[in-house]
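What follows is the residue order along each chain.
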Amino acid sequence: MVGYDPEAKCVSKVEAAAAGSASGLVTRVLVSPLDVLKIRFQLQIEQFSSRNPTAKYHGILQAVQLIFREEGLGAFWKGHVPAQFLSVGYGAVQFMAFEGLTELVHNVTPYSPRSPVVHLLCGGLAAAAATATVQPVDTLRTRFAAQGEPKVYPNLRHAVVTMYQTEGPQTFYRGLTPTLIAIFPYAGLQFFFYNILQQFSEWVIPAEGKKGGNIKNLVCGSCAGIISKTLTYPLDVVKKRLQVGGFEQARAAFGQVRTYGGFLDCMRQIRQEEGPGGFFKGLSPSLLKAAFSTGLVFFWYELFCSLLCALKSPDSTGRKGG
């Protein structure tokens with residue numbers, strides 16, 4: 001399983017970072033279209049309805065068709081380069097920190113590093129560290145995914161230089177406050193529910209039926225992603241709205257735009273203009289993305305860790321649960 005296990009120590013923290021990076025890279029390629037849909041939905045001010053003539057997007061299928069017709073297939077991977085930097089960097093820091101923190105709990109406290117509560121706290125702290133590290137890349141990814149045609153930023157270098165010169169270095173950390181507020185419970189709950197679901201599956205599935213460990217990891221990770229995303233989703237919407245501040249000219253083709261004075265002002269405007277439902281715009285593609293991405297991240301991470309164990313010790317059975 002994910003996390004330090006004193007009885008089956010096989011992967012070092014550096015190897016955990018490598019496995020986390022690889023899992024993030026593979027997962028990002030597969031879920032990028034859902035991420036683009038989620039961001040487009042989160043940034044739309046107008047109500048999602050085919051009866052609303054000012055709304056650009058009405059639903060998932062309509063949005064897919066419209067984006068494909070107006071921007072081509074490549075639009076579903078807009079911002080993919082910064083997104084890959086984000087996924088690789090985030091995965092490396094998160095899993096290396098998580099393995100290190102759970103090992104620290106084992107060494108200096110009486111608590112078990114396999115406890116769901118320990119995974120909740122360590123997962124949240126590890127994700128917060130990873131978020132602070134890659135926040136500038138996340139802002140770039142959001143800008144690229146949000147822009148339409150013609151593009152404001154033709155490439156990554158142009159985006160970095162333009163944003164720095166016109167908005168200052170602080171623009172790369174737009175939305176950091178709601179991100180940190182949201183990421184601790186979101187990631188913590190991911191690890192928490194993944195741990196509980198893994199333990200539940202061990203209890204439910206008889207010993208002779210435990211050969212499909214990789215599929216079990218995928219299913220447990222997907223369920224953990226859906227639960228945690230639903231509970232923390234409103235903060236993700238606020239983060240995305242803040243990250244495109246100062247980028248209004250590129251959003252004009254998508255409908256209304258707003259300028260927010262900060263975290264609390266953004267929440268106030270969304271509540272007043274869009275109602276409670278405004279905090280859950282884009283939830284459907286977001287849950288699809290959460291199910292796929294979280295499941296795949298845990299699936300690939302466990303698989304890569306097992307492969308690393310096998311390479312180090314051919315006779316080893318690898319990490320438990322992998």
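Quick note: structure is the one above.
Position numbers for residues count from 1 along each chain, tracking the sequence in the order it is written. Local features in this predicted model are restricted to residues whose pLDDT is 70 or higher, and side-chain atom pairs enter the listing and the counts only when it is 80 or higher, whereas totals over whole chains, interfaces and linings include all residues. Working from all heavy atoms in the structure, the side-chain values ignore hydrogens and water.

## Notes on empty space enclosed by the protein
Here is the rule: Put plainly, a pocket is an open set of points on a 1 Å grid over the protein atoms alone with protein on both sides within 12 Å along at least five of seven lines, a cavity is a set where a 1.4 Å probe fits but cannot get out, and a lining residue has an atom within 4 Å of a point. Grid points are joined across faces, edges and corners, and a volume is the space filled by probe spheres set on the points. The helix and strand labels rest on DSSP assignments: H or I over at least four residues marks a helix, E over at least two residues marks a strand, and numbering proceeds from the N terminus. Residues are sorted three ways: Asp, Glu, Lys and Arg are charged, Ala, Val, Leu, Ile, Met, Phe, Trp, Tyr, Cys and Pro are nonpolar, and all the rest, Gly among them, are polar.
By the definition in use, this model includes three cavities of 30 Å³ or more. Each pocket or cavity is described by its volume, and for the largest cavity that value is around 710 Å³. Lining the largest cavity we find 36 residues, and of these Arg28, Tyr90, Ile183, Tyr186 and Lys289 sit closest to its centre. Sorting the residues of the lining of the largest cavity by element identifies α1 (13–43), α3 (80–108), α4 (116–146), α6 (176–204), α7 (213–243) and α9 (283–312) as the ones contributing at least two each. Taken together, the residues of the lining of the largest cavity sort by class into 12 nonpolar, 15 polar and nine charged.

## Regarding the environment of glutamate 167
As a reminder of what qualifies: Counting of polar contacts relies on pairs of N or O atoms within 3.5 Å, with two restrictions inside protein: one atom must be capable of donating a hydrogen and the other of accepting it, and residues adjacent in sequence are counted only when both atoms are side-chain atoms.
Turning to its location among the elements, glutamate 167 is positioned in helix α5 (residues 156–167). Between the C-alpha atom of glutamate 167 and that of tyrosine 233, which follows or precedes it by 66 residues, the distance is 28 Å. At a separation of 2.9 Å, a polar atom in the side chain of glutamate 167 contacts the side chain of threonine 171.

## Focus on the packing of α3 against α6
When two helices pack together, you describe them by how their axes are tilted relative to each other and by the distance separating the axes. Put simply, the rule is: Each axis is a line fitted through C-alpha atoms, taken for helices only over the stretch in contact, and angles between the N-to-C directions span 0 to 180 degrees. Orientation is classified from the angle alone, with under 35 degrees giving roughly parallel, over 145 giving roughly antiparallel, 65 to 115 giving roughly perpendicular, and any other angle giving oblique. Two helices cross in a left-handed way if the nearer one is turned anticlockwise from the farther one by less than a right angle. They cross in a right-handed way if the turn is clockwise. Note on contacts: a residue pair is in contact if any heavy atoms of the two residues lie within 4.5 Å.
Where α3 meets α6, the axes come as close as 13 Å, and the angle between the chain directions of the two elements is 65°. One element, α3, and the other, α6, form an angle in the roughly perpendicular class. α6 is crossed by α3, and the crossing has right-handed handedness. Where α3 abuts α6, its residues Tyr90, Gln94, Phe95 and Phe98 lie against Ile183, Ala187 and Phe191.

## Considerations on the packing of aromatic side chains
Using the following cut-off: Here a pair means two rings of Phe, Tyr or Trp (six-membered ring of Trp) with centres within 6.5 Å. Their orientation is stacked below 30 degrees between planes, edge-to-face above 60, and tilted elsewhere. Throughout this description, the term charge over a ring refers to an Arg CZ or Lys NZ atom that lies within 6 Å of the ring centre and within 35 degrees of the ring normal.
Tallied over the full model, the rule gives 12 aromatic pairs. Judged by centre distance (6.1 Å) and plane angle (35°), the rings of phenylalanine 41 and tyrosine 57 are tilted. Note that phenylalanine 41 is positioned in helix α1 and tyrosine 57 in the loop between α1 and α2 (60–71), a separation of 16 residues in sequence. Cluster of aromatic residues (ring-pair linked, three or more members): Phe95, Phe98, Phe191, Tyr194, Phe298 and Tyr301. A cation over a ring is seen here: lysine 229 above tyrosine 186, with NZ or CZ 4.5 Å from the ring centre.

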